[in-house]
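# Structure at a glance
What follows is each chain in one-letter form.
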Amino acid sequence: MSVSRQHNVNVSGSGSKALIFAHGFGCDQNMWRFVAPAFADCYRIVLFDHMGAGGSDLSAYSPEKYSSLDGYADDVIELCREPEIQGGTFVGHSVSAMIGVLAAKKARDLFDTLVLVGPSPRYIDDDDYVGGFSEGQIHELLEFLDSNHMGWSRAMAPVIMGNPDRPELGEELTNSFCRTDPEIAKRFARTTFLSDNRADLAGVRARSLILQCSEDVIAPPCVGEYVHRAIPGSEFVLLRATGHCPNLSAPEETITAIKAFLSHAA
Amino acid sequence: MVWTGYRRDQLVGRRFQDLLNIAGKIYYETHFAPLLRMQGFFNEVALDLVSASGSPLPMLVNAVERRDGDGRVRFTRVTVFNASDRRRYERELLEARRAAEKANAELHELNLTLEARIEEAVQDRMKAEEALRQAQKMEAVGQLTGGIAHDFNNLLAGITGSLELLRTRVAQGRIGELERYIIAAQGASKRAATLTHRLLAFSRRQALHPRPTDINRLVAGMEDLIRRTMGPNVVVEVVAAGGLWTTLVDTNQFENALLNLCINARDAMPNGGKLTIETGNRWLDERAAQDRDLPAGQYASLCVSDTGSGMPPEVIERAFDPFFTTKPIGQGTGLGLSTIYGFVRQSSGQVRIYSELGQGTTMCLYLPRHLGAAEAAEVTEIARRTEAPRAEQGETVLVVDDEPTVRMLVTEVLEELGYTAIEAAAGPAALKVLQSNARIHLLVTDVGLPGGMNGRQLAEAGRAVRPGLKVLFITGYAENAVINHGHLEPGMHMLTKPFAMDTLASRIRGLIRG
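Described in the following lines is the structure provided in the data block. This is a predicted model, so every value here is computed, not measured.

### Comments concerning the overall build of chain A
Scanning chain A for helices and strands turns up eleven helices and seven strands. For chain A, the proportion of its 266 residues judged to be buried stands at 57%. Of the contacts formed within chain A by residues at least 6 apart in sequence, a portion of 75% connects residues at least 24 apart. Within the structure as shown, chain A displays about 10500 Å² of accessible surface, and the carbon and sulfur contribution to it stands at 49%.

So this is what it looks like as structure tokens:
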């Protein structure tokens, strides 16, 4: 199976430059459904699902490969090679912000621009570093995931898949919106919330934009500021939007901020 | 909201997700908030709220977004249900499912090993059946021993008693009175030999001496004896077929069988009746042969019919079983028919019973046709009674038997007759002699021998170095399997123990001369 099939890659739009949107932990490429279309007339849009999410090929999942974010970064590089992307813009949300940083480091020709939405290089506090979570809290999360697979995996699956009250949405809901394999999601949580990519930030050569929400329990503003300080020459925009998903809760503000950054560069 | 433990003023101004535990907060932000935004609602999401006291409160959460005409969110309504009980059920359900999956896995494992288990069970069953058969056999041996040992001890008493008296008289110098003790001992010995013969025939290990036989002639020879045995109340009629085919049978055994059938017939007619002995030629086609469990072909038959009480089917079914008898205790051994059956089957024939209650019974023996003329049976009888012939000069016989007494007796008899005897107690020692340059005119060997080489193997090894070596097997019983199921190669002969010394001498003489 080709890598684009494995990752349910969708290419649309027209333009000489490519814009790659990467979703974070907890959803799939639908995360960009309110944002990506705004760039379709000027860019070649590339959407994809990480392994284990959405329409990806679950059979290609390997616990070893995906036990670190490098495995996900390698996927990004591979799936960008097929449409021969060079000097593109990578827009990564949440954990995908760090995946993009890693991919850009590994394959410098791929991306000359990075847009990091709600990035966090490390979720657990460490000495002076504030990640937003104590080590105990992250372990509480992981234990909870292990013990409560009926609660959430069921909650994610049936709500998304069966929708008897609104049959007109059935097909769309069944095939979209954050489908995740519960077991893979648990592993993805472990990989994500135990990651530490602070040391990778200094080596970023691409032009970078950090989009930070005002109130974000997953990646608090101080973390976004840390990333901004660590990446040389990066820009920082604090959105009015709250929560962790401005691409869903405030798509217009997100689009505007990205467009401003990209046009500024041009 | 009393069950949450929070007061109203503690909740005002706080968002729903602020009350979640840490895992709930993370999942809400990463999973359920996106879901709510994309589909406008979510239902029955299991989340844990942290109560005012810090303890977890399992909840089910429904949420719905309301938007205005421009698509802006007007409000989000979140409904929480106390799900403490439900969560407990769910945990129990999960536990039950885990147990079921475990049981299922075990069942799967069981299925995988089922074939092996069945095979094991079948093996066990077969072992048990084998043990049962052995037990039944031992029971039969027990019954046999009980019935026979008494007779045999009587006969042994007669022999040992005679020998003791013989010794006493010799010591007393009363030599003139020896003859009667010798006759008594010989008589008892012969009866003992007959007894063991019958036992061996029963166990189907008796060596048969089948020879081309005219059954009509045997019947005619027996007719007078049969008439006398039947008594005055039974009319005997013999219907002998003309041109009856020759069969290959052991004549002694055949006579025994005929007599046995007639005695059974008589016992079935306590108030008298008619006994018919009828011979005939039978051509059995495939179907008729199959009915009788025989190969198709030509057979001579002997049928003995009575007008007696007849047998019910359940008796017919068991009639050939050893020790099965309908006669009162002490009047029948139950060995008669089973002995006949053994003999006939060993002669490649068959026995069939036709019987009707109150009408009578017909017992038919089928014996395969032998192409060739019948032998005159009397010849051997005459030969047996002639004087034991003397040996020619330098004739040497190799005698092999592990029983020293037998070896001594045979050797002594041979030397008395003028033969040179060389003795060996086991196969390997005997083979050394055969492989040497010694002149050997005849090998006389026991069949069952110690030392890893039986009599047949010794004979074959002997023939490897001395082609055409004449062999006489002497054996307590014919180990059919050992001696090629009773079929001996040319130049090989058999003599069954016990044998009269003059019989041994004549056989040896005949073999060396032949």
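### Quick look at the overall build of chain B
Looking only at helices and strands, one finds 15 helices and 15 strands in chain B. Sorting the 514 residues of chain B into buried and exposed places 40% on the buried side. Relative to all contacts within chain B whose residues are 6 or more apart in sequence, the contacts with residues 24 or more apart total 66%. When the accessible area of chain B is evaluated, it comes to approximately 28600 Å², of which 53% is carbon and sulfur surface.

### Remarks on the nonpolar core
In terms of nonpolar packing, the biggest core is built from 74 residues, with Ile20(A), Phe111(A), Leu114(A), Phe193(A) and Phe42(B) touching the most fellow members. Beyond its immediate sequence surroundings of up to four residues, Phe193(A) is in contact with Phe25(A), Tyr123(A), Ile124(A), Ile138(A), Leu141(A), Ile218(A) and Ile26(B). Among the nonpolar cores identified, the runner-up in size contains 35 residues, and Ile215(B), Leu302(B), Val304(B) and Val344(B) belong to it.

### Quick notes on unusual backbone geometry
Residue and element names in this part refer to chain A. For Asn8, which is not glycine, the phi torsion reads 50 degrees and is therefore positive. By secondary structure assignment, the location of Asn8 is in the loop between helix H1 (3-6) and strand S1 (10-12). Overall, the relative accessible area of 27% leaves Asn8 in the partly exposed class. In this model, Ser94 sits at a positive phi of 55 degrees, which is unusual for a non-glycine residue. Its place among the elements puts Ser94 in the loop between strand S4 (88-93) and helix H3 (95-106).

### Regarding the pairing of strand S2 (residues 18-22) of chain A
Residue and element names in this part refer to chain A. In terms of burial, S2 is a largely internal element, five of the five residues being buried. Judged by which residues are buried, S2 turns out to be covered on both faces: Ala18, Ile20 and Ala22 on one side and Leu19 and Phe21 on the other are all buried. Pairing geometry for S2 and strand S3 (residues 44-47), over four bridges, is parallel. Counterpart to Ala18 in the pairing with S3 is Arg44.

### Looking at the state of the cysteines
Residue and element names in this part refer to chain A. This structure, assessed with the given rule, holds one disulfide over all chains. In this model Cys245 remains outside any disulfide bridge; the closest cysteine sulfur is found in Cys27, 7.7 Å from its own. Overall, the relative accessible area of 7% leaves Cys245 in the buried class.

### Structural notes on the sheet that holds strand S10 (residues 360-368) of chain B
Residues and elements named next belong to chain B. Strand order in the open sheet formed by five strands is S5-S7-S8-S10-S9, with mixed pairing between adjacent strands. Edge positions in the open sheet fall to strand S5 (234-239) and strand S9 (350-356), since each of these has one partner strand only. Geometrically, the sheet is characterised by an average inter-axis angle of 20 degrees between neighbouring strands, direction not taken into account. Where S5 lies against strand S7 (residues 273-284), six bridges are found, and the strand directions are parallel. Note on S7: the bridge partner recorded for Val238 is Ile277.

### Observations concerning the pairing of strand S8 (residues 297-306) of chain B
All names here are of chain B. Among the ten residues that make up S8, nine are buried, leaving the element largely enclosed by the rest of the structure. Note that S7 and S8 share nine bridges and pair antiparallel. For Asn281, the partnering residue across the bridge sits in S8 and is Ala300. As defined by bridge partners, S8 adjoins S10 across eight bridges and the pair is classed as antiparallel. In the sheet register, Ser301 faces S10, and the bridge partner there is Tyr366.

### Quick notes on helix H15 (residues 501-513) of chain B
Side chains three or four residues apart in an α-helix point the same way, a direct result of the helix having 3.6 residues per turn. Its 13 residues place the ends of H15(B) 18 Å apart at the C-alpha level, agreeing with the 18 Å of an ideal helix rising 1.5 Å per residue. Buried within H15(B) we find Thr503(B), Leu504(B), Ala505(B), Ile508(B), Arg509(B), Leu511(B) and Ile512(B).

### A closer look at the packing of aromatic side chains
In total, this model carries 18 aromatic pairs over all chains according to the counting rule given. With a centroid separation of 4.9 Å and an interplanar angle of 45 degrees, the aromatic rings of Phe21(A) and Trp32(A) are classed as tilted. On the criterion of sequence distance, the pair formed by Phe21(A) in strand S2 and Trp32(A) in the loop between S2 and S3 is long-range, its members being eleven residues apart. Here Phe21(A) and Trp32(A) have matching classes, each one buried. Seen from their ring centres, Trp245(B) and Trp283(B) are 6.4 Å apart, and the 70 degrees between their planes marks the pair as edge-to-face. Taken together, the residues Trp245(B) in the loop between S5 and strand S6 (247-249) and Trp283(B) in strand S7 connect sequence positions 38 residues apart. Trp245(B) gets classed as buried once you look at its relative accessible area, which sits at 15%. In this structure, Arg198(A) is placed above the aromatic ring of Tyr129(A), and the distance from its NZ or CZ to the ring centre is 4.8 Å. Looking at Lys259(A), its charged tip hangs above the ring of Phe39(A), at a distance of 5.5 Å from the centre.

### Topic: the packing of helix H4 (residues 135-147) of chain A against helix H7 (residues 182-193) of chain A
Residues and elements named next belong to chain A. Between H4 and H7, the least distance of the axes is 10 Å, while the angle of their chain directions is 170 degrees. Relative to H7, the element H4 lies roughly antiparallel. Contacts between H4 and H7 involve Ile138, Leu141, Leu142, Leu145 and Asp146 from the first element and Lys186, Ala189, Arg190 and Phe193 from the second. Split into classes, the residues belonging to the contact of H4 with H7 amount to six nonpolar, no polar and three charged.

### Brief notes about the sheet that holds strand S7 (residues 235-238) of chain A
Two modes of strand pairing occur in sheets, parallel and antiparallel, and in both the strands are linked by backbone hydrogen bonds. All names here are of chain A. Within the open sheet, the seven strands sit side by side as S1-S3-S2-S4-S5-S6-S7. Their pairing is mixed. Single-partner strands in this sheet number two, and they are S1 and S7. Going across the sheet, the axis of each strand differs from the next one's by a mean of 15 degrees, ignoring polarity. Pairing between S2 and S4: four bridges, direction parallel. By the bridge assignment for S4, Ile20 is matched with Phe90. Packing against the sheet, helix H9 (residues 221-230) makes contact with strand S5 (111-117), strand S6 (207-212) and S7, and its axis sits at approximately 170 degrees to S6.

Quick notes on the rules
Residues numbered from 1 in each chain as written. Chains lettered and ligands numbered in written order. Predicted model: local features only at pLDDT ≥ 70, side-chain atom pairs only at ≥ 80, totals over all residues. Heavy atoms only, no water. Helix = DSSP H or I, 4+ residues; strand = E, 2+ residues; numbered from the N terminus. Buried < 20%, exposed > 50% of the residue type's maximum accessible area, 1.4 Å probe, protein only. Contact = heavy atoms within 4.5 Å. Areas by Shrake-Rupley, 256 points an atom, 1.4 Å probe, with all protein chains shown as cover. Core = buried A, V, L, I, M, F, W, Y, C linked by side-chain atoms within 4.5 Å. Pairing = 2+ DSSP bridges. Disulfide = S-S within 2.5 Å. Axes fitted to C-alpha atoms, helices over the stretch in contact; angles between N-to-C directions. Expected span 1.5 Å × (residues − 1). Phe/Tyr/Trp six-rings, centres within 6.5 Å; stacked < 30°, edge-to-face > 60°. Lys NZ or Arg CZ within 6 Å of the ring centre and 35° of its normal. Parallel < 35°, antiparallel > 145°, perpendicular 65-115°, else oblique. Nonpolar A, V, L, I, M, F, W, Y, C, P; charged D, E, K, R; others polar.

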